[in-house]
Amino acid sequence: MATINRHLKTPQTIAFFAVAFSSVIVFSGLCHMLGIPGEDFFLSLRELSFPQNQNICLSPLLFGVNIYRLFYAISFLACILLYLASRILKNKQRDFSSAVFSSLFIVFALITAITAKSRIIDSWNLAKILSGKTTEEKYTMFYNTRNIYSLAQYYKSHLSERQKVQLVTDLDLSKDPGMIAQRMLAYFLYPIDVRGIRQEPPTALIFFAKHNALASVPEGFQILAVRDEENLIAIRKKE
Amino acid sequence: MPPFPSLLLLHAPPLIFGFSLLTALSKEKLPPIFMCLALSYGLGTGLISLWMFVLGICHIPFHWTAINVPLYLFSILLYSFSLVRIKMNKHPGISFSKNPGRLAGASIVFAAFIVISSIGVFWAAFNIPILEWDAFSTHAFNAKVFFYEKTFAYLNSQPHANYPLHIPLMQAWLSTAFGSWNDQVIKTLFPFYFLSLLIIQYHFLIRHTTQPWSLLGLVLTISSPFLIYHATIGYRDFTLLFFNISAILLLLLWQEEKSGIYLISSSLFSGLSSFTKLEGGGYLLIHIILLTAILSRSQAPLREKSKSFLRFCIPAVGIFLLFHIYKYFSSGVSAALPPQAQESLDIYSLRIDLSGKLLARFGIVVNRFLYNLFLTNNWNIIWLMLLFSLLKIKKKACSFEVKLLFLALLLFFSIYLAGYVLTQHYYWVAETETVLSRSLLHFFPLAPILVILINFPGDETPRRPH
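Predicted model, so just to flag it, every value in this text is computed and none were measured.

Enquirer: Pulling in residues and values, what's your account of the overall build of chain B?
Expert: For chain B, the count of helices and strands is 20 helices and 0 strands. Buried positions account for 60% of the 466 residues belonging to chain B. Sequence separation of at least 24 residues holds for 82% of the intrachain contacts in chain B that already meet a minimum separation of 6. With the model as given, the accessible surface of chain B reaches about 17500 Å², and the carbon-plus-sulfur share is 69%.

Enquirer: Let's hear about the overall build of chain A: which residues, and what values?
Expert: A count of helical and extended segments in chain A gives 8 helices and 6 strands. Out of the 239 residues in chain A, the part that is buried amounts to 45%. For chain A, the computed accessible surface area is about 13000 Å², with 59% contributed by carbon and sulfur atoms.

Enquirer: How would you summarise the packing of aromatic side chains if you had to cite specific residues and measurements?
Expert: Under the defined criterion, the tally for this structure stands at 60 aromatic pairs over all chains. With centroids separated by 5.4 Å and ring planes inclined at 90 degrees, the aromatic side chains of Phe53 of chain B and Tyr326 of chain B adopt a geometry described as edge-to-face. In this pair, Phe53 of chain B is assigned in helix α3 (residues 33-57) and Tyr326 of chain B in helix α14 (residues 302-331), connecting sequence segments 273 residues apart. Both residues of the pair, Phe53 of chain B and Tyr326 of chain B, count as buried. One Lys or Arg, Arg227 of chain A, reaches over the ring of Tyr154 of chain A and ends 5.3 Å from the middle of that ring. Seen from the ring of Phe400 of chain B, Arg297 of chain B lies directly overhead, with NZ or CZ sitting 4.1 Å from the centre.

Enquirer: Give a description of the interface of chain A and chain B that names residues and reports values.
Expert: Taken together, the 51 residues of chain A in the interface contact 64 residues of chain B. Together chain A and chain B conceal approximately 5300 Å² of surface at their shared face, both sides included; 64% is due to carbon and sulfur atoms. By the criterion of area lost to chain B, the three top residues of chain A are Gln54, Phe101 and Tyr187 of chain A, representing 15% of everything that side buries. Linking chain A to chain B there are 2 salt bridges. Arg198 of chain A is the salt-bridge partner of Glu149 of chain B, the closest N and O atoms lying 3.2 Å from each other.

Enquirer: Tell me about the pairing of strand β4 (residues 204-207) of chain A, residues and numbers included.
Expert: All names here are of chain A. Judged by which residues are buried, β4 turns out to be covered on both faces: Ala204 and Ile206 on one side and Leu205 and Phe207 on the other are all buried. By the bridge criterion, 4 bridges tie strand β3 (residues 165-168) to β4 in an arrangement that is parallel. Residue pairing across strands places Val165 opposite Ala204, the latter belonging to β4. In this fold, β3 hands off to helix α8 (residues 178-189), which returns the chain to β4; that crossover is left-handed. Relative to strand β6 (residues 231-236), β4 runs antiparallel, the two sharing 4 bridges. Bridge pairing links Leu205 to Ala234 in β6.

Enquirer: With reference to specific residues and values, describe the sheet that holds strand β5 (residues 221-228) of chain A.
Expert: All names here are of chain A. Strand order in the open sheet made by the 4 strands is β3-β4-β6-β5, with mixed pairing throughout. Edge strands, defined here as strands with exactly one partner in the open sheet, are β3 and β5. Going across the sheet, the axis of each strand differs from the next one's by a mean of 20 degrees, ignoring polarity. As defined by bridge partners, β5 adjoins β6 across 6 bridges and the pair is classed as antiparallel. Paired with Asp228 across the bridge in β6 is Asn231. Along the sheet face, helix α7 (residues 148-158) touches β4, β5 and β6 and points at about 145 degrees away from the line of β5.

Enquirer: Quick rundown of the packing of helix α12 (residues 260-274) of chain B against helix α13 (residues 279-297) of chain B? Include the residues and the values.
Expert: Residue and element names in this part refer to chain B. Relative to each other, α12 and α13 sit at 155 degrees, their axes nearing to 7 Å. The orientation of α12 with respect to α13, classified from their angle, is roughly antiparallel. Seen from above, α12 lies across α13 with left-handed handedness. Contacts from Leu263, Ser270, Ser273 and Ser274 of α12 reach α13 at Gly280, Gly281, Leu284, His287 and Leu291. Residues of the contact of α12 with α13, tallied by class, amount to 3 nonpolar, 6 polar and no charged.

Enquirer: Can you explain unusual backbone geometry? Please cite residues and give values.
Expert: Residues and elements named next belong to chain A. Between Asp176 and the following residue, Pro177, the backbone shows a cis peptide bond with an omega angle of 5 degrees. Its place among the elements puts Pro177 in the loop between β3 and α8. Here Tyr190 and Pro191 are connected by a cis peptide whose omega angle stands at 20 degrees. Within the fold, Pro191 resides in the loop between α8 and β4.

Enquirer: Give a description of the environment of Ala316 of chain B that names residues and reports values.
Expert: Residues and elements named next belong to chain B. Along the chain, Ala316 falls in helix α14. Taking the C-alpha atoms as reference points, Ala316 and Leu268, separated by 48 residues in sequence, lie 5.5 Å from one another. Ala316 has contacts with Ser267, Ser270, Gly271 and Leu284, leaving out every residue within four places of it along the chain.

Enquirer: An account of the pattern of salt bridges is requested, with residue identities and associated values reported.
Expert: Applying the stated rule across the entire model yields 13 salt bridges over all chains. The partner of Glu200 of chain A in a salt bridge is Arg198 of chain A, and the shortest N-O contact between them spans 3.7 Å. In this structure, Arg368 of chain B engages Glu433 of chain B in a salt bridge whose closest nitrogen and oxygen atoms are separated by 3.3 Å. With Arg368 of chain B in helix α15 (residues 358-374) and Glu433 of chain B in the loop between α18 (426-430) and α19 (436-441), the pair connects residues that are 65 residues apart, well separated along the chain. Residue classification places Glu433 of chain B among the partly exposed residues on the basis of a relative accessible area of 33%. Through salt bridges with shared partners, a single ionic network connects Asp134, Asp237, Lys277, Glu279 and Arg438 of chain B.

Enquirer: Pulling in residues and values, what's your account of the environment of Ile382 of chain B?
Expert: Within the secondary structure layout, Ile382 of chain B lies in helix α16 (residues 382-392). Taking the C-alpha atoms as reference points, Ile382 of chain B and Pro448 of chain B, separated by 66 residues in sequence, lie 6.5 Å from one another. Residues contacting Ile382 of chain B, with those up to four places away along its chain left out, are Phe108 of chain A together with Leu220, Ser223, Phe444, Ala447, Pro448 and Val451 of chain B.

Enquirer: Tell me about a nonpolar patch on the surface, and please be specific about residues and values.
Expert: A contiguous nonpolar patch, built from Phe76, Ile80, Tyr83, Leu84, Ile88 and Leu89 of chain A and spanning about 610 Å² of accessible area, is present on the exposed surface. Here Phe76 of chain A shows up in helix α4 (residues 67-89).

Analysis parameters
- Residues numbered from 1 in each chain as written.
- Chains lettered and ligands numbered in written order.
- Predicted model: local features only at pLDDT ≥ 70, side-chain atom pairs only at ≥ 80, totals over all residues.
- Heavy atoms only, no water.
- Helix = DSSP H or I, 4+ residues; strand = E, 2+ residues; numbered from the N terminus.
- Buried < 20%, exposed > 50% of the residue type's maximum accessible area, 1.4 Å probe, protein only.
- Contact = heavy atoms within 4.5 Å.
- Areas by Shrake-Rupley, 256 points an atom, 1.4 Å probe, with all protein chains shown as cover.
- Phe/Tyr/Trp six-rings, centres within 6.5 Å; stacked < 30°, edge-to-face > 60°.
- Lys NZ or Arg CZ within 6 Å of the ring centre and 35° of its normal.
- Buried area = accessible area lost by both parts, 1.4 Å probe.
- Salt bridge = Lys/Arg side-chain N within 4 Å of Asp/Glu carboxyl O.
- Pairing = 2+ DSSP bridges.
- Right-handed = clockwise from strand over helix to strand, strands pointing away.
- Axes fitted to C-alpha atoms, helices over the stretch in contact; angles between N-to-C directions.
- Parallel < 35°, antiparallel > 145°, perpendicular 65-115°, else oblique.
- Left-handed = near helix turned anticlockwise from the far one by under 90°.
- Nonpolar A, V, L, I, M, F, W, Y, C, P; charged D, E, K, R; others polar.
- Patch = residues over 30% accessible without salt bridge, like charges linked within 9 Å, V, L, I, M, F, W, Y side chains within 5 Å.

This is the structure in structure tokens:
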């Protein structure tokens, strides 16, 4: 009994109970404020997804509330409870600091577990989809918008390896989605030069997402291959 | 896609080149084996990209032979040099310090988390091809141009023409070694930087704490979803993070152990950070400030301090100047840039804005910083843990390492605050989400390292691997 009593009074144990109690208060407080049943709340919490992005990983919202605000509320409340506990138990300053660090660590572990679970599930699903696929198939799967990858392979099959081409398109290349579409096409096509790297005069035109492309082929060029009404290749006529 | 073992073999040459450099430069006993491998990988990739850069500016096409044969010969020369020194008893020999022992208790949980995360990073890098905006648009595209053209003849008309070239050159090298351009192979570079970072950070922490706390430090670092994500994508930011943080930690290791290999490795990593991204030039300045702080505290004679200062500055600044002098004179500051090259940060035409809106801009930038640090899913609650740790710290009990790392953190924040408030790049922070997280990423690991060092109980005995 004395051993259990001693373990219950360790900073880590007190921190655990402080975080648990704070979590209950914060989550039930939020449910009450928003008028949401507890079951719905926990279901939403379980189904939270944490999107990843090369520029920023935004925090998901739980019923319109940034989830990190809730974690900070739990941490803050836990610190207050720990302070009160340290006064009641007459703990040393060092034990109080240790308990606060432990409580922050517990909240950290909670966030890590939630985000890791989301990441593992997403990675597992992605692994099943990607299993056995070639790079070409992966690109076709990822970039199905406008079939950029397969379009690039089509253009490559009709042009010589180091051809200099000019892109003709209705897309606004100064911003996305036109900008990234052009860059992806240029990447997949190189050493067929779409971006003016080699600064030679173009010997072919690539019509990409061009409305009524057939009618847009200029004088001095002839149609080489037609993919569809918006995508075709024209080459310079020989003089 | 070739089998995983043969992809691993692709990365053997940087280890061979880097290790030869490490043994030749070291006059003392080498660090533990894994630390040697981590340092070798960083040095080896730097050696490859710098050599390719030299070939490029000398108009020598970088075919496989032109790149690798001189590097292999150079490595053989360095190994021979090391062997001669061993025979002449001027070197302690290539023996490795003892590694830390078995895992126990919480260490097992932490180690499992680290291993699973690392497997995830390797899986993503080896299975998901290049997908990201910047990769298609700039560095992977530039790497492809280098692979096909094998020259710098078109460098000035390539996108982001004035950006440093470490990553495009390394990706071109990978494809050259592989034998053809491969959108998957060029991504396999980044998980090795991730692994090397973890090793170097662990090696640093184990000197000041115990095994569980050192592993906890790694757990705190990789708990950042943003950091983990960047380790799996083909962006330059993670590489810059690796060189930057390694340079700082190696400086601190040198300060404690006085082992010359740490100073020279730190210097080379600092120079390589400036060869990875433009911001690396600013980080080089911060590394020099940290070195000055270390030397000012040292009891060594002025002559020794000057020698150490030059030993650091000459290689680091040399790498920095090599690229920037070449770019400055080859492109011409006033020459009109082709359209695709104009979208980049041009450090030769930074405009400082000291208008009356300065205070308002400062408020907005600070607001964006606070939002990014505390209300996004980038960093877990590491910054909150750091704030708490700093509040409880006692000045007297604060070790020099903690003070130096805190100084480094302040310098990084200051440089970015000043840069975003005072220049035209205010736009990127105020109006977009594009750059701030990536800027913070470059020095984020300092936060978990500080959390561990400050909170480590003073009555537990730290492990000393040597």
